[in-house]
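Topology and contacts: notes
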Amino acid sequence: MNIIFIIVDALRPDHLGINGYFRETSPNIDVLAKEGTRFLNAYTVLSRTSPSVASILTGLYPLNHGIRMVSGNKLADSAPLIPYILKNHGYRSAYVGEHIHGFGLEHKFDDFLLTRWQIKNKIKKNIYKLIKPGEKIGNAYQYTDTVIGWIKKHSGKKFFLCIHYNELHWPYHSPFENFFDEFYSGRHDFNTLGDGKFTRSDLIFGHVRLPKEEVEHAVAHYDGNIRYIDSQIGRLTAFLKSKGIYENTIIVLTSDHGENFGEHNFYFQHGA
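Now for a look at the structure at hand. (Residues numbered from 1 in each chain as written. Predicted model: local features only at pLDDT ≥ 70, side-chain atom pairs only at ≥ 80, totals over all residues. Heavy atoms only, no water.)

Secondary structure assignment for the protein yields nine helices and seven strands. For the protein, whose C-alpha radius of gyration is 19 Å, the value lies close to the compact-globule estimate of 19 Å for 272 residues. Expressed as lengths along the three principal axes of its C-alpha atoms, the size of the protein is roughly 55 × 45 × 35 Å. In the protein, which comprises 272 residues, the proportion classed as buried is 48%. Considering only residue pairs separated by 6 or more positions, the protein has 68% of its internal contacts joining residues 24 or more positions apart. Looking at the protein as shown, the accessible area adds up to about 13,900 Å², and 53% of this sits on carbon and sulfur atoms. Computed over 31 positive and 28 negative side-chain charges, the separation of the two mean positions in the protein equals 8 Å. (Helix = DSSP H or I, 4+ residues; strand = E, 2+ residues; numbered from the N terminus. Rg over C-alpha atoms; globule rule 2.2 N^0.38 Å. Buried < 20%, exposed > 50% of the residue type's maximum accessible area, 1.4 Å probe, protein only. Contact = heavy atoms within 4.5 Å. Areas by Shrake-Rupley, 256 points an atom, 1.4 Å probe, with all protein chains shown as cover. Lys, Arg positive; Asp, Glu negative; His and termini not counted. Charge placed at Lys NZ, Arg CZ, Asp CG, Glu CD.)

As structure tokens, then:
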């Protein structure tokens, strides 16, 4: 049995169609949820990426695995990491996506953000810009390409694959960022910071308050990016079916934390 572990960074569960959201953000994720088991009460151990991912991959709280900050911490030697455990059971493992800083995760996977993947994706992105100027190719597309290529190479053996998508991080850029409000014509101060007139901290902590319509526009960007990541998850599951390994693969989808859109007077950030 293969295992694919999908972490969608900063994904709010209340912005998914399966959970009753008013926008159709997640048709492919919704299918996975309907076909599988859905856990409604899930809590992040700490709303920053590195501590949370360390907990996801070890089953331990930050106090026990040692990763408390974004970077500069060391994973406890005794911490049991999923890829290391599975390696002892004949699994090939790989990590593709968002870089996790400062706790030695790269030593536990057989393939971890390989330089050749990054070079290949950079070349592809530059070629795409030449062929289709003005259009974007997002990280999620490139990560999914890398994953599909890796599975093609290793599908003859058991594998554990972790893919970490990150388009839901501020400033909420992706090829689908305008998917849900294509005709918006107002300002974009939520990601331009007023063209340099205020700081990121001013925005996060509400020292600068944006008009309601611009906050809603920022949320629409975020939702469009969910739809973009969802399209890549759909591309991945379609590939698994075409290879005949979908039914022999456990797919786990989760997030490391959510995102604030004014709750507790925090905006466009998490962990603050």
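Picking up after the structure, the text goes on.
What follows covers the packing of aromatic side chains. Scanning the entire structure with this criterion turns up 18 aromatic pairs. On the numbers, 6.2 Å between centres and 40° between planes, the contact of F109 with F112 is tilted. F109 sits in the buried class, given a relative accessible area of 5%. A relative accessible area of 11% places F112 in the buried class. Aromatic ring contacts, followed pair by pair, group Y172, F190, Y222, F261, Y267 and F268 into a single cluster. Taking NZ or CZ as reference, K241 lies 4.7 Å from the ring centre of Y246, over its face. (Phe/Tyr/Trp six-rings, centres within 6.5 Å; stacked < 30°, edge-to-face > 60°. Lys NZ or Arg CZ within 6 Å of the ring centre and 35° of its normal.)

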